[in-house]
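Observations on the three-dimensional arrangement
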Amino acid sequence: MRKAVNRMTDVFGMIGIVLIIGLCCLVIIEIINRNFLYLGMDWTIEMTEYMLAFITFCGAGWLLKADGHIKFDLITERLSPKYKRAANILSSSIGFLITALLTIFGFYKVVGLISRGIVTETVLELPQALLIGIVPVGLFIASLQFLFRMIDSFNELPAEQKGEN
């Protein structure tokens, strides 16, 4: 299961990278259009906002898997291995609970938006479920990564049992 989730996490990370590249290209094209051709694409700002949201939630699980999230190294590096392990378990447990709850409520919100057929009141008039849907999906992947971190911390043997000093 972990292998499949890691593969899915990597796919979402790649989607985030492609979106970053697309976002950069879109902004450059908009700058050229406005400054040299005196044309504006009304939907550009809206699209970049959506892309930023998708980048955030596509990359959250990948960043967690890569252990790239913010840490309190100044504090945790001073802890003994036993307390460091406890801190990892605690932080992963809290992260899992929060992301799991937000995932559940996010899916309920998306189902409600789909059932009511609500669209945005903007230039593009996209279904809100499409735009909000990345939140629970991205948080679901992040919650699984938190769960894996928690399991790994539980399974981590203290240094004395590994034969290290």
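It should be noted that the structure appears before, not after, this text.
Residues numbered from 1 in each chain as written. Predicted model: local features only at pLDDT ≥ 70, side-chain atom pairs only at ≥ 80, totals over all residues. Heavy atoms only, no water.

Helix and strand content of the protein: 7 helices and 0 strands. Scanning the protein from its N terminus toward the C terminus, one meets helices and strands in the order α-α-α-α-α-α-α. A globule of 165 residues ought to have a C-alpha radius of gyration of about 15 Å, yet the protein, at 21 Å, is considerably larger. Across its three principal axes, the protein shows a C-alpha extent of roughly 70 × 40 × 30 Å. Look at the contacts in the protein between residues 6 or more apart in sequence, and 73% of them connect residues 24 or more apart. Carbon together with sulfur atoms contributes 70% to the accessible area of the protein, which is approximately 11,100 Å² in total. Once the 14 positive and 14 negative side-chain charges of the protein are each reduced to a mean point, those two points are 10 Å apart. (Helix = DSSP H or I, 4+ residues; strand = E, 2+ residues; numbered from the N terminus. Rg over C-alpha atoms; globule rule 2.2 N^0.38 Å. Contact = heavy atoms within 4.5 Å. Areas by Shrake-Rupley, 256 points an atom, 1.4 Å probe, with all protein chains shown as cover. Lys, Arg positive; Asp, Glu negative; His and termini not counted. Charge placed at Lys NZ, Arg CZ, Asp CG, Glu CD.)

Let's shift gears to the packing of aromatic side chains. Within the structure shown, the criterion is met by 0 aromatic pairs. Between Lys-82 and the ring centre of Tyr-83, over which it is positioned, the NZ or CZ distance is 5.8 Å. (Phe/Tyr/Trp six-rings, centres within 6.5 Å; stacked < 30°, edge-to-face > 60°. Lys NZ or Arg CZ within 6 Å of the ring centre and 35° of its normal.)

This brings us to the pattern of salt bridges. Summed over all chains, the structure comprises 4 salt bridges. A salt bridge links Asp-10 to Lys-65, with the nearest nitrogen and oxygen atoms 2.6 Å apart. Remark: Lys-65 occurs in helix H2 (residues 44-65) and Asp-10 occurs in helix H1 (residues 2-37); sequence separation between them is 55 residues. A residue is classified by how much of its surface remains accessible, and Lys-65, at 33% relative accessible area, is partly exposed. Glu-30 is the salt-bridge partner of Arg-34, the closest N and O atoms lying 2.2 Å from each other. With Arg-34 and Glu-30 both in helix H1, this residue pair falls 4 residues apart, about one helical turn. (Salt bridge = Lys/Arg side-chain N within 4 Å of Asp/Glu carboxyl O. Buried < 20%, exposed > 50% of the residue type's maximum accessible area, 1.4 Å probe, protein only.)

As a further point, take the side chain of Glu-46. Within the secondary structure, Glu-46 is located in helix H2. A distance of 2.4 Å separates a polar atom in the side chain of Glu-46 from a polar atom in the side chain of Thr-122. If near-sequence neighbours (up to four positions away) are discounted, Glu-46 is found in contact with Thr-120, Thr-122, Val-123, Leu-124 and Glu-125. (Polar contact = N/O pair within 3.5 Å; in protein donor to acceptor, adjacent residues only side chain to side chain.)

Let us look at a nonpolar patch on the surface. A surface patch of nonpolar side chains, about 520 Å² in accessible area, is lined by Ile-28, Ile-32, Phe-36, Leu-37 and Leu-39. Looking at the secondary structure, you find Ile-28 in helix H1. With a relative accessible area of 48%, Ile-28 lands in the partly exposed category. (Patch = residues over 30% accessible without salt bridge, like charges linked within 9 Å, V, L, I, M, F, W, Y side chains within 5 Å.)

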